[in-house]
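A structural walkthrough
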Amino acid sequence: MRLKSSAVLKSLSGAHSRKAGATSFVRFLALTLAAAFITATSVGTAQADPKYAGIVIDAKTGKVLYGEDPDGLRYPASLTKMMTLYLTFEALSAGRISLDSKVPVSANAAKEPPSKLGVRAGGSITVEQAILALVTRSANDMATALGEYLGGSEDRFARMMTAKARALGMTRTTYRNANGLPNTAQMTTARDQARLGIALRQHYPQYYGYFSTRTFNFGKQVIGNHNRLVGTVRGVDGIKTGYTRAAGSNLATSAQIDGRSIVAVVLGGRSSAARDATMRKLVATYLPQASRGGNSNLIAQTRSAPIEEPVAVAAAVPSVAVAATDSGLPHAGPVPQARYEESPVTAFAASSSNAAVKAMEAATWQKGKDPIVQAPIPPDRKLITNSTKVDNIVTASVASPSVSAKSEAPQGGWVIQIGASPDENSARGLLQSAQEKGGAALRSAKPFTVAFSKDGSQIYRARFGGFDGQNAAVNACNALKKKGVSCWASLQ
């Protein structure tokens, strides 16, 4: 009986052990499958977000390794500053500015919302400090200051940015400001931002190292980089983060290791943590798949198309009746006769026989749209006649007390242009109207017209000069904009 009982106990014990073992195995298998599922679908979860778009491009061959709605329009947020920095690097490379050049901070720049460096209006920083402020803190005020410094006004700089985007082959990107603060007309795609990331690395390697800056000392501040992948993910050397409520969390990333190189973009992340996690997995998955060979010169370093001057459609009377168009500009301001061309401009280097260039072309041009090579000819400055640099600014009857009958064009310095007209009297009328609206902002300004030849026709630019530096010109222009007069400041 004892033997039988013992045998039964052993049998029950063995069955229990086998059952426990089976249960443990099932649990282990379930956990393993769950972990695999979570890993495999982590990017898929991000893709489920309607704002999400992503792309990974082999930076040596141009091959697209991964894409999820790469051509869908999204808001760039602070990825906008990548183009602001591209144009800054371009100006540095051309010798137009230096790293020690002083960037004045206007009232317009100083009032930008955070993130910001917080320099007061009337102050200044160096170009290098502005670069570091954009790379680390993503400072909106410094982006605006750079835009005004390089373009004369932020509006004009935004047009320079869009023109450069076209020159680089970014066919679906439009800029309206230098910092990426909300603007419903400022749009881009993951593919276009990847092109810009490759262009930054390829065209300006001497400045690209700024994107890997971990901290930036400014006064008593020690400013850390918003890009948390720099220094924490092997191979990552930049580039830029971005966030607005409408855009979601954006990130453009460059990674290089063991001779392989990729540029990846994630747009519309649900949070910065989710965005970073998605990017880490993209880098871990696709960097090992990138080629070690290929041509790194994928995007040609081309000149932008000339920025079109606004040409006013005006009557030859001082009241200046500006024709309303569908351009969306204020009725009180000059109306552009033609905008810059929206057609894409070929932006590939090397010969058409280069396989890497062909791959990049196939990867980054939208289907069904052939590249259009454009070679616009900028206005010939030699055609500006000396006789038209000095004009009498008059109304239809007598000279206005506020306008000198003999206004000479300033010899250099900062000027404001409010438009241009095919008729000299209309250009004078634009100046008269602007001066009446500008009030104190233009009290000491000197109105003048400058003629130039365009497509065989004479065009007259309407300008104000005599400003005491860039800040005075920019502030006067901002005052005019509040009155509905379009303008921009520039260095003559």
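Residues numbered from 1 in each chain as written. Predicted model: local features only at pLDDT ≥ 70, side-chain atom pairs only at ≥ 80, totals over all residues. Heavy atoms only, no water.

1. Regarding helix α2 (residues 80-94)
Taking 1.5 Å per residue, 15 residues should reach 21 Å; α2 reaches 22 Å between its end C-alpha atoms and fits that length. Within α2, twelve of the 15 residues are buried, which leaves it mostly tucked inside the rest of the structure. When we look at burial in α2, the residues that qualify are T80, K81, M82, M83, T84, L85, Y86, L87, T88, F89, A91 and L92. Positive backbone phi, approximately 80°, marks G95, located one or two places after α2. (Helix = DSSP H or I, 4+ residues; strand = E, 2+ residues; numbered from the N terminus. Expected span 1.5 Å × (residues − 1). Buried < 20%, exposed > 50% of the residue type's maximum accessible area, 1.4 Å probe, protein only.)

2. Topic: the state of the cysteines
One pass over the full model with this rule turns up one disulfide. Covalently, C477 is tied to C487 through a disulfide, its sulfur atoms 2.1 Å apart. With the S-S bond torsion at 120°, the cross-link from C477 to C487 turns out right-handed. On the criterion of sequence distance, the pair formed by C477 in helix α12 (residues 470-482) and C487 in the loop between α12 and β15 (488-491) is long-range, its members being ten residues apart. Residue C487 is classed as buried on the basis of its relative accessible area of 4%. (Disulfide = S-S within 2.5 Å.)

3. Describing the pairing of strand β14 (residues 457-465)
The element β14 is largely enclosed, with a buried count of seven among its nine residues. In this structure, strand β12 (residues 414-421) lies alongside β14, joined through five bridges in antiparallel fashion. Considered in β14, the bridge of I416 is made with F464. (Pairing = 2+ DSSP bridges.)

4. A closer look at unusual backbone geometry
Of note, the bond from P114 into S115 is cis; its omega dihedral lies within 30 degrees of zero at 5°. As for its placement among the helices and strands, S115 is situated in the loop between α3 (107-110) and β4 (124-126). One non-glycine residue, D69, lies in the positive phi region at around 50°. For D69, the location among the structural elements is in the loop between β2 (64-68) and α2. A relative accessible area of 40% means that D69 is categorised as partly exposed.

5. Description of the packing of aromatic side chains
Given two aromatic rings, their pairing is described by the distance between the two centres and the angle made by the two planes. According to the stated counting rule, one finds seven aromatic pairs in the structure shown. Relative to F211, the ring of F89 has its centre 6.2 Å away and its plane inclined at 85°; by these criteria the two rings are edge-to-face. One end of the pair, F89, is in helix α2; the other, F211, is in the loop between α8 (205-208) and β5 (215-218), and 122 residues separate them in sequence. Side by side, F89 and F211 carry an identical accessibility label, which is buried. Three or more aromatic residues joined by ring pairs make a cluster, and in this case those are Y86, F89, Y204, Y207, Y208 and F211. (Phe/Tyr/Trp six-rings, centres within 6.5 Å; stacked < 30°, edge-to-face > 60°.)

6. Quick notes on the confidence of the model for the chain
Of the residues in the chain, 68% reach a pLDDT of 70 or more, and the chain-wide mean stands at 76. Note that residues 1-12 has pLDDT below 50 and, in this model, zero contacts with residues that lie over four places away or in other chains. In this model residues 312-354 is a low-confidence stretch, pLDDT under 50, and it forms 105 contacts with partners more than four residues away in sequence or in other chains. (pLDDT = per-residue confidence, 0-100. Contact = heavy atoms within 4.5 Å.)

7. Quick word on the packing of α2 against helix α6 (residues 154-167)
Geometrically, a packed helix pair is captured by the angle between its two axes and the distance between the axes. Between α2 and α6, the least distance of the axes is 10 Å, while the angle of their chain directions is 90°. Here α2 is positioned roughly perpendicular relative to α6, judged by the angle of their axes. Contacts between α2 and α6 involve T80, M83, T84, Y86, L87 and E90 from the former and F157, M160, M161, K164 and A165 from the latter. Partitioned by chemical class, the residues of the contact of α2 with α6 number seven nonpolar, two polar and two charged. (Axes fitted to C-alpha atoms, helices over the stretch in contact; angles between N-to-C directions. Parallel < 35°, antiparallel > 145°, perpendicular 65-115°, else oblique. Nonpolar A, V, L, I, M, F, W, Y, C, P; charged D, E, K, R; others polar.)

8. With respect to the side chain of D192
Relative to the elements of secondary structure, D192 occurs in helix α7 (residues 190-203). Notably, D192 is buried but unbridged: the nearest opposite-charge side chain belongs to R195, and the N-O separation is 5.7 Å. (Lys, Arg positive; Asp, Glu negative; His and termini not counted. Salt bridge = Lys/Arg side-chain N within 4 Å of Asp/Glu carboxyl O.)

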